Amino acid sequence: MATVTLKGNEIHTLGNLPANGSKAPNFILTKNDLSSASLSDYSGKRVVLNIFPSVDTGTCAQSVRQFNKEAAELDNTVVLCVSKDLPFAQARFCGAEGIENVEMLSDFRDGSFGKDYAVSFSDGPLVSLLSRSVVVLNESGNVIYSEQVTETVDEPNYKAALEALADA
């Protein structure tokens, strides 16, 4: 179990993020058109998993905007924004914000992504939502960078995540 905070109050997740050097767990998530996406769909690409509680919060929305901006500059890289928001809400947000360089994926169906990546909150007011985290994978699907943001209302370290791609 990992401990993070929400406005200074301790909350916990199911565990720790996949370790650097490990093979990332496969997943099946839901796209905005309600079709499924799995990690294997992105085989041969570098993957940035931008994980957060809900796109309807300021910090989460900003992380999507920031990665959308940065992703336009990256070769052979896909940014996947993962939350438990309904795909309709994700699509509405992207349409309203002009988000075109990231893919929104939802773990709303069975929560298996949150369990397999150990980012589901296990207690507190956000129980069962996903903890703000970034996991970066190389072309082989191995973890080359991970960050679980210690204070949930803070933004992730965009620079460190992008530098991990440059070093890969």
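Residues numbered from 1 in each chain as written. Predicted model: local features only at pLDDT ≥ 70, side-chain atom pairs only at ≥ 80, totals over all residues. Heavy atoms only, no water.

Novice: If you had to explain the environment of Lys 159 to someone new, which residues and values would you point to?
Specialist: Examined against the element boundaries, Lys 159 turns out to sit in helix α4 (residues 158-167). Distance from Lys 159 to Glu 70, taken between C-alpha atoms, is 9.9 Å for residues 89 residues apart in sequence. (Helix = DSSP H or I, 4+ residues; strand = E, 2+ residues; numbered from the N terminus.)

Novice: How would you summarise the pairing of strand β6 (residues 77-83) if you had to cite specific residues and measurements?
Specialist: A regular strand places its side chains so that they alternate between the two faces of the sheet. Counted residue by residue, β6 has 7 buried out of 7 residues, so it is predominantly covered. Burial along β6 is two-sided: the residues Thr 77, Val 79, Cys 81 and Ser 83 and Val 78, Leu 80 and Val 82 are all buried. Bridge analysis of strand β5 (residues 46-51) against β6 gives 6 bridges, and the strand direction is parallel. Within β6, the position partnered with Arg 46 by the bridge is Thr 77. The pairing of β6 with strand β7 (residues 103-106) spans 4 bridges and is classified as parallel. Among the inter-strand pairings, Cys 81 is bridged to a residue of β7, identified as Met 104. A crossover links β6 with its parallel partner β7, the connecting element being helix α2 (residues 87-97), and its sense is right-handed. (Buried < 20%, exposed > 50% of the residue type's maximum accessible area, 1.4 Å probe, protein only. Pairing = 2+ DSSP bridges. Right-handed = clockwise from strand over helix to strand, strands pointing away.)

Novice: Lay out α4 with the relevant residues and their values.
Specialist: Tyr 158, Ala 161, Leu 162, Ala 164 and Leu 165 are the residues of α4 that are buried. The arc that holds every buried residue of α4, seen down its axis, measures 145 degrees, which confines them to one face. Projecting away from the buried face of α4 at angles above 90 degrees are the exposed residues Lys 159, Ala 166 and Asp 167. (Arc of directions from axis to C-beta.)

Novice: Now, about the pairing of strand β9 (residues 143-148): what can you tell me, with residues and values included?
Specialist: By the bridge criterion, 5 bridges tie strand β8 (residues 133-137) to β9 in an arrangement that is antiparallel. Considered in β9, the bridge of Ser 133 is made with Gln 148.

Novice: I'd like a description of the pattern of salt bridges, backed by residues and values.
Specialist: A complete count under the given rule lists 1 salt bridge for this structure. Across the pair Lys 159 and Glu 163 runs a salt bridge whose closest N-O atoms are separated by 3.9 Å. With Lys 159 and Glu 163 both in helix α4 and 4 residues apart, the pair spans about one turn of that helix. Note on Lys 159: relative accessible area 59%, which makes it exposed. (Salt bridge = Lys/Arg side-chain N within 4 Å of Asp/Glu carboxyl O.)

Novice: Hey, could you go over the side chain of Thr 30 for me, with residue numbers and the actual values?
Specialist: Among the secondary structure elements, Thr 30 is positioned in strand β3 (residues 28-30). Within the structure, the side chain of Thr 30 is placed 3.3 Å from the side chain of Arg 109, a separation counted as a polar contact. Sequence-distant contacts of Thr 30, that is, excluding residues within four places in its chain, are made with Ser 35, Pro 87, Gln 90, Met 104, Leu 105, Ser 106, Phe 108 and Arg 109. (Polar contact = N/O pair within 3.5 Å; in protein donor to acceptor, adjacent residues only side chain to side chain. Contact = heavy atoms within 4.5 Å.)

Novice: Could you give me a rundown of unusual backbone geometry, with the residues and numbers involved?
Specialist: Of note, the phi angle at Asn 76 is positive, near 50 degrees, even though the residue is not glycine. Structurally, Asn 76 is set in the loop between α1 (58-71) and β6. You will see that Ala 118, though not glycine, has its phi angle at about 60 degrees, which is positive. Within the element layout of this structure, Ala 118 appears in the loop between α3 (112-116) and β8.

Novice: Describe a nonpolar patch on the surface, naming the residues involved and giving the relevant values.
Specialist: Together, Leu 34, Leu 86, Phe 88 and Phe 108 give the surface a local cluster of nonpolar side chains, amounting to about 360 Å² of exposed area. The topology assignment puts Phe 88 in helix α2. (Patch = residues over 30% accessible without salt bridge, like charges linked within 9 Å, V, L, I, M, F, W, Y side chains within 5 Å. Areas by Shrake-Rupley, 256 points an atom, 1.4 Å probe, with all protein chains shown as cover.)

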